[in-house]
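Examining the three-dimensional arrangement
The lines below spell out each chain.
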Amino acid sequence: MKAKSIILQLLVLILIVPAAYSQPREIYIEGHDQLRYTVETIKAKPGETLKITLKTVSAMDKSQMSHNWVLLKQGTDPMNFVTKGLQHPKSEYIDPALTDKIIAKTDMLGDGETDSVTFKVPDKKGEYQYVCTFRAHFQAGMKGKLIVE
Ligand SMILES: [Cu+2]
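With respect to the sheet that holds strand 4 (residues 70-72)
Here five strands make up an open sheet; going across it, the order is 2-8-7-4-5 and the pairing mixed. Sheet topology places strand 2 (41-44) and strand 5 (102-105) at the edges, where each strand pairs with a single neighbour. Recorded for the sheet is a direction-independent mean angle of 25° between the axes of neighbouring strands. Taken together, the six bridges between strand 7 (residues 126-131) and strand 8 (residues 143-148) define a ladder with antiparallel strand orientation. Residue pairing in the sheet places Val131 in a bridge with Lys143 of strand 8.

Dropping the structure here:
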């Protein structure tokens, strides 16, 4: 009888523990007309699962004011990335030739719109830049960094 109860407890552990660990840590960010993210630094553990939710809050039309959240691989020049993207308004100002530089991204969002992305943080420690690719937003300061430590 005792062995049976231990087996039952083990079963419960096997079923419940992985579920608890795989639950992503959620981070909520807003993009505003001031061309800033409300969260400009995110700290994370290597391999951690994060769920980023971005919401745009704006007094302007979507065609004039939209935001996304694009996390770039290390070694990617963010200025080059957004500059090349300027020629690709139909693909959310992201150059299709550079999509392999992206770790994770949300959709491009107008006022009141929300999108989430869940991803695994890279195992390599260090800093990863995130940017808004809408025209001139990065240059105006719409950026931040993920610090893996
Ligand atoms: Cu933006």
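Section: the environment of Ser66
If you trace the backbone, Ser66 turns up in the loop between strand 3 (49-56) and strand 4. Here the alpha-carbon distance between Ser66 and Lys55, two residues 11 residues apart in the chain, equals 9.9 Å. Setting aside chain neighbours within four positions, we find Ser66 in contact with Thr56, Met108, Leu109, Gly110 and Phe134.

The rules behind these values
Numbers given for residues are sequential positions, taken from 1 along each chain in its written order. Restriction of local features to residues with pLDDT of at least 70 applies here, the model being predicted, together with a cutoff of 80 or more for giving and counting side-chain atom pairs; totals for whole chains, interfaces and linings are based on all residues. By the convention used here, strands pair only if DSSP detects at least 2 bridges between them. Comment: elements are numbered from the N terminus, with helices defined as DSSP H or I runs of at least four residues and strands as E runs of at least two. In this analysis an axis means a line fitted to C-alpha atoms, helices contributing only their contacting stretch, and an angle means the value between N-to-C directions, from 0 to 180 degrees. Think of it this way: build a C-beta for each residue from its backbone, and any pair within 7 Å is a contact.

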